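# Analysis of the macromolecular model
For reference, the chains in residue letters:
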Amino acid sequence: QVQLVESGGGLVQAGGSLRLSCAASGRTVTMAWFRQAPGKEREFVAAISSGGGATNFADYVKGRATISRDNAKNTMYLEMNSLKPEDTAVYYCAGTGRIVIPTTAARYDYWGQGTQVTVSS
């Protein structure tokens, strides 16, 4: 069982940026970020392959987000800029042993507890 712990959330003004981190207790093949706003379903944000050579982004963050990982530290990062109030959500880190990058939550085996991101207008 791999434990995932997110950090880096907080209150940010619209137009600002943030960097989220996800520390894993062990190695996972594919890692991803999802988010869930109040009253909404959990949705895919971005994912990265084992070696970092392949990434996938949701359309609503393309051009605004960067995902990366440091396998020596078992840590994944999400950097987002030009933040909007609609980016407000709890952001979750997820991991799976699947090689092909999934974009659905059900295909991820490990989850963190989430970190709150609030973007004020």
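A few points on the structure. (Residues numbered from 1 in each chain as written. Predicted model: local features only at pLDDT ≥ 70, side-chain atom pairs only at ≥ 80, totals over all residues. Heavy atoms only, no water.)

## Description of the overall build of the protein
Looking only at helices and strands, the protein features 0 helices and 11 strands. Taken from the N to the C terminus, the helices and strands of the protein come in the order β-β-β-β-β-β-β-β-β-β-β. A compact globule built from 121 residues would reach a C-alpha radius of gyration of about 14 Å, and the protein, at 13 Å, matches this within 12%. Referenced to the eigenvectors of the C-alpha coordinate spread, the extents of the protein come out at roughly 40 × 25 × 25 Å. When contacts within the protein are restricted to residue pairs at least 6 apart in sequence, long-range pairs at least 24 apart make up 57% of them. Counting every atom, the protein has about 6100 Å² of accessible surface; 46% of that belongs to carbon and sulfur. (Helix = DSSP H or I, 4+ residues; strand = E, 2+ residues; numbered from the N terminus. Rg over C-alpha atoms; globule rule 2.2 N^0.38 Å. Contact = heavy atoms within 4.5 Å. Areas by Shrake-Rupley, 256 points an atom, 1.4 Å probe, with all protein chains shown as cover.)

## With respect to the nonpolar core
Membership of the largest hydrophobic core comes to 34 residues, with the highest contact counts inside it found for M31, W33, I67, M76, L78, M80 and Y91. Within the residue set of this core, elements represented by two or more residues are strand 3 (18-24), strand 4 (30-36), strand 5 (43-48), strand 7 (65-70), strand 8 (75-80), strand 9 (89-96) and strand 11 (115-120). Setting aside residues no more than four positions away along its own chain, I67 makes contact with M31, W33, A46, A47, I48, T55, F57, M76, Y77 and L78. (Core = buried A, V, L, I, M, F, W, Y, C linked by side-chain atoms within 4.5 Å. Buried < 20%, exposed > 50% of the residue type's maximum accessible area, 1.4 Å probe, protein only.)

## Section: the packing of aromatic side chains
One pass over the full model with this rule turns up 5 aromatic pairs. Aromatic pair F34 and Y108: ring centres 5.4 Å apart, planes at 75°, arrangement edge-to-face. A residue pair is termed long-range when its members are at least 10 positions apart, and F34 in strand 4 and Y108 in the loop between strand 9 and strand 10 (110-111) qualify at 74 residues. Summarising the aromatic geometry, the rings of Y92 and W111 are spaced 6.5 Å apart at their centres and angled 75° between planes, so their arrangement reads as edge-to-face. (Phe/Tyr/Trp six-rings, centres within 6.5 Å; stacked < 30°, edge-to-face > 60°.)

## Some remarks on the pairing of strand 7
Burial of strand 7 is one-sided: the residues A65, I67 and R69 facing one way are buried, the residues T66, S68 and D70 facing the other way are not. As paired strands, strand 7 and strand 8 are joined by 6 bridges and run antiparallel to one another. Counterpart to T66 in the pairing with strand 8 is E79. (Pairing = 2+ DSSP bridges.)

## Concerning the state of the cysteines
The term disulfide refers to a covalent linkage connecting the sulfur atoms of a pair of cysteines. By the definition in use, this model includes 1 disulfide. Between C22 and C93 runs a disulfide, and the two sulfur atoms are separated by 1.9 Å. Residues C22 and C93 are joined through a disulfide that is left-handed, its torsion about the S-S bond being -70°. With C22 in strand 3 and C93 in strand 9, this residue pair connects regions lying 71 residues apart in the sequence. Taking relative accessible area as the criterion, C93 reaches 0% and is therefore assigned buried. (Disulfide = S-S within 2.5 Å.)

## Focus: the pattern of salt bridges
The tally for this structure, following the rule as stated, stands at 4 salt bridges. R35 is the partner of D87 in a salt bridge, and the nearest nitrogen-oxygen pair spans 2.8 Å. With D87 in the loop between strand 8 and strand 9 and R35 in strand 4, this pair connects stretches of sequence that are 52 residues apart. A relative accessible area of 6% places R35 in the buried class. Note that D87 is salt-bridged to R64, the shortest N-O span being 2.8 Å. You can see D87 sitting in the loop between strand 8 and strand 9 and its partner R64 sitting in the loop between strand 6 (55-57) and strand 7, a full 23 residues away along the chain. The exposure classification of D87 matches that of R64, with both residues buried. Linked through salt bridges whose partners overlap, the residues forming this network are R35, E43, R64 and D87. (Salt bridge = Lys/Arg side-chain N within 4 Å of Asp/Glu carboxyl O.)

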